[in-house]
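So the chains spell out like this:
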Amino acid sequence: MAAPDASARMHHSTAETEGAVDLVLDHARRRILEEHPPLNRSRTPGELSRLAAGTLTEDGIGAREALSVFERILAPACVTLAHPRHLSFIPGAPTKAATAFDLAVSAANAYGGSWLESSGAIFAENEVLAFLAREFGLPAEAGGAFVQGGTLGNLSALVAARDAALRKRNGHRPPRWRVVCSAEAHSSLVTAAKVMDIDITLAPTGADGKLTGQAVERALGRYGDEVFAVVATAGSTNFGIVDDIASLTRLRPRHDFWLHVDGAYGLAAMLTPERRELFRGVELADSLTVDPHKWLFAPFDACALLYRDPGAARAAHAQDAAYLDPLHDAPGWNPADYAVHLSRRTRGLPLWFSLATHGAGAYRAAIARCLHLAEEIAEEIRARPRLSLVRDPELSVVVFRREGWRKADYTAWSDRLLREQTALVVPSSHQGEPVTRFALVNPAATREELIEVLDTMER
Ligand SMILES: *Cc1c(COP(=O)(O)O)cnc(C)c1O
């Protein structure tokens, strides 16, 4: 049995709790400042049970022992996302300032749902949202909240869109509601449709992978007023392709729909002048999402969700409960009112701190660096007889094939690279053909170390 005062002891600054705090902060400091962390790899449940089970006991094992298990066994069984040769999925590369500030966010533990409780933190988060809204060309009244990720951002935007449509139609519902997006759109939209019990049309894209107004117009013609929202993808996850957003906006006002832009990965590229042109039309979106944990150098987990008319989102999302009334009655911005969430961490603050520390210019340069890296790698692939691009990269995802390789060859190659701790590059596929891809969101990666990965495909 624990001592009777153990519950109180763990909340006071005793020698024991100070020791725990120091150990954790020392660990975090080392981890954040480490210049060349190992890539690491996952272990099987069996391996981990053998090595790390039994940490939870009635009397506690103490901070030193618990942290030791984490440092020796658990942390090395987690891949280092910001490793320069983590090239799969969409990785991330948080700045050291942003990562460190996540500790400050934890220490403050502000309730990020309401202005009444956390005006200071929410003010700073809103500074970031306003900065992003300006970059994307949204009006000054635009606003929203940081949510956990792009999946929740897309769902929240579509819920607001349907609610707005219902109000516009005086509560008259079509037999089914429907959203239209591209066949290359992110899987989270299908998930959102499932959660909302609505239908989804995956409209075909052109040979360039882009959704156009023409394809959407066909869907609108077919489904009429079932369609309440069209989703444009601004940087597809697999290829980094930006839909022809301007052509979608030209369908209005002939057709009335909410335009959501899913820019979880790609919208960050709007911060550089060189690719801005690709995103024309974003400024007319009703809502958009961009994930700071993808290409804005913030740690997990954060999606900036912005609405052109925040009032419409509030009408859809504000929760109603007697115990919450004081929050609604008080003046100020309540992030809880803009998404499918209530309690929330002020997860926009790491980006605020890092952006304030380094300045927007450093962000523009870091994003541009990733774009250039992608161009250099594409050039290198073009120059190699046994490699070829599936498409010219539009943003910072490079998709390519190795002549003569079947799926099993890609898998064996990928397994070997991870086993040897060289890189994390997984096989992908395009129209049934096995391919692989580099997703480049880490400005610390060098051309040389990426070329070493290409070299392993020539053996
Ligand atoms: C990653 C991604 C998402 C999902 O974002 P999460 O933060 O992983 O939930 C949605 N859309 C696109 C285009 C993405 O790349």
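Looking at an unreviewed UniProt entry, the chain carries the name Aminotransferase class V-fold PLP-dependent enzyme, with the source organism given as Streptomyces albus. Recorded in UniProt under Sequence similarities (unreviewed entry), the annotation for the chain is "Belongs to the group II decarboxylase family." According to its UniProt record, the chain has this under Cofactor (unreviewed entry): "pyridoxal 5'-phosphate".

1. Observations concerning empty space enclosed by the protein
Following the criterion strictly, the structure yields 2 cavities of 30 Å³ or more and no others. Together, Tyr111, Gly113, Ser114, Gln319, Leu324, Leu327, His328, Asn334, Ala336, Asp337 and Leu342 line the largest cavity. Split by residue class, the lining of the largest cavity holds 5 nonpolar, 5 polar and 1 charged. Put simply, the second largest cavity is a space of about 30 Å³. Lining the second largest cavity, in full, are Phe131, Leu132, Leu271, Leu296, Leu351, Leu355 and Tyr363. When contributions to the lining of the second largest cavity are tallied by element, the ones reaching two or more residues are helix H6 (115-136) and helix H14 (349-358). Across the lining of the second largest cavity, the residue classes tally to 7 nonpolar, no polar and no charged.

2. Overview of the site of the ligand
Close to the ligand lie 14 residues; Gly150, Thr151, Asp262, Asp291 and Lys294 are nearest. Take Thr237: an N or O atom from its side chain is 2.8 Å from an oxygen atom of the ligand. Within the side chain of Asp262, a nitrogen or oxygen atom sits 2.7 Å from a nitrogen atom of the ligand. Expressed as a share of its isolated accessible area of 380 Å², the protein-covered part of the ligand is 87%.

3. Considering the UniProt feature "modified residue: N6-(pyridoxal phosphate)lysine" (unreviewed entry) in the chain
In the UniProt entry, the feature "modified residue: N6-(pyridoxal phosphate)lysine" (unreviewed entry) is given for Lys294. Topologically, Lys294 is positioned in helix H11 (residues 292-295).

4. Details of the layout of surface pockets
Here the idea is plain: a probe the size of a water molecule rolls over the atoms and shows the empty space left. Empty space within the largest pocket amounts to approximately 1200 Å³. For the lining of the largest pocket, the secondary structure elements donating two or more residues are helix H2 (15-33) and helix H5 (96-108). It is H5 that provides the largest number of residues to the lining of the largest pocket, a total of 5 residues. Residue composition of the lining of the largest pocket, grouped by class: 19 nonpolar, 9 polar and 8 charged.

5. Re the pairing of strand S4 (residues 227-233)
Within S4, 7 of the 7 residues are buried, leaving the element largely enclosed by the surrounding structure. Where S4 lies against strand S5 (residues 258-262), 5 bridges are found, and the strand directions are parallel. Opposite Val230, over in S5, you have Leu259 as the bridge partner.

6. Concerning the nonpolar core
Leu132, Phe136, Val261, Leu267, Phe279, Val282 and Trp295 are the most contacted members of the largest nonpolar core, which totals 62 residues. The element that contributes the greatest number of residues to this core is H6, accounting for 6 residues. Each of domain 2 (109-358) and domain 3 (360-456) gives at least three residues to this core. The contact partners of Val261, leaving out residues within four places of it in the chain, are Ala232, Ala234, Ile245, Leu267, Val282, Ala285, Ser287, Leu288 and Thr289. Formed by 31 residues, the second largest nonpolar core is a distinct cluster that contains Leu152, Ala157, Leu305 and Tyr307.

7. Points about the sheet that holds strand S11 (residues 433-439)
Spatially, 4 strands are ordered S8-S9-S11-S10 in an open sheet, and the strand pairing comes out antiparallel. Edge strands, defined here as strands with exactly one partner in the open sheet, are strand S8 (387-389) and strand S10 (427-430). Pairs of neighbouring strands in the sheet enclose a mean axial angle of 45°, with direction left out of account. Relative to S11, S10 runs antiparallel, the two being bridged by 4 bridges. From the neighbouring strand, Ser428 faces S11, where its bridge partner is Val435.

8. Brief notes about the pattern of salt bridges
Evaluated as defined, the whole model comprises 32 salt bridges. Residue Asp163 is joined to Arg167 by a salt bridge in which the shortest nitrogen-to-oxygen separation is 2.8 Å. With Asp163 and Arg167 both in helix H7 (residues 150-168) and 4 residues apart, the pair spans about one turn of that helix. Since its relative accessible area comes to 23%, Asp163 is described here as partly exposed. Between Glu226 and Arg178 there is a salt bridge, with its nearest N and O atoms 3.0 Å apart. Taken together, the residues Glu226 in the loop between helix H9 (213-223) and S4 and Arg178 in strand S2 (residues 178-182) connect sequence positions 48 residues apart.

What counts and what doesn't
- Counting restarts for each chain: residues are numbered from 1 in the order of the written sequence.
- The predicted nature of this model means local features are confined to residues of pLDDT at least 70 and side-chain atom pairs, given and counted, to a pLDDT of 80 or more, with totals for whole chains, interfaces and linings taken over all residues.
- Heavy atoms throughout the structure, all of them, feed into the side-chain values; hydrogens and water do not.
- UniProt positions are given in the numbering used here, feature names are shortened, and annotations may be inferred rather than shown by experiment.
- Points on a 1 Å grid, built from protein atoms alone, make a cavity when a 1.4 Å probe fits but cannot get out and make a pocket when they are open with protein on both sides within 12 Å along at least 5 of 7 lines; residues with an atom within 4 Å of a point are the lining residues.
- Grid points are joined across faces, edges and corners, and a volume is the space filled by probe spheres set on the points.
- Residue polarity follows a fixed list, in which Ala, Val, Leu, Ile, Met, Phe, Trp, Tyr, Cys and Pro are nonpolar, Asp, Glu, Lys and Arg are charged, and the others, Gly among them, are polar.
- For the purposes of this entry, the term helix denotes a DSSP run of H or I that reaches at least four residues, the term strand denotes a run of E that reaches at least two, and both are numbered from the N terminus.
- Whether a residue is near a molecule or strand depends on its heavy atoms: it is near if one of them lies within 4 Å of it.
- Pairs of N or O atoms within 3.5 Å make up the polar contacts considered here, provided that, within protein, one atom can donate a hydrogen while the other can accept it, and that residues adjacent in sequence are counted only when both atoms are side-chain atoms.
- Methods summary: accessible areas were calculated by the Shrake-Rupley approach with a probe of 1.4 Å, and residue burial reflects only the protein chains presented.
- Buried residues are those whose accessible area, probed at 1.4 Å on protein chains only, stays under 20% of the maximum for their type, while exposed residues exceed 50% and partly exposed ones sit between those limits.
- One requirement defines pairing of two strands: DSSP has to find at least two bridges between them.
- Buried residues of nine kinds, namely Ala, Val, Leu, Ile, Met, Phe, Trp, Tyr and Cys, make up a nonpolar core once their side-chain atoms join them within 4.5 Å.
- Where each domain starts and ends follows an automatic or database-derived domain assignment.
- For this analysis, residues touch if any pair of their heavy atoms sits within 4.5 Å.
- Think of each axis as a best-fit line through the C-alpha atoms, taken over the contacting stretch in the case of a helix, with angles from 0 to 180 degrees between the N-to-C directions.
- Salt bridges are counted wherever a side-chain nitrogen of Lys or Arg sits within 4 Å of a carboxyl oxygen of Asp or Glu.

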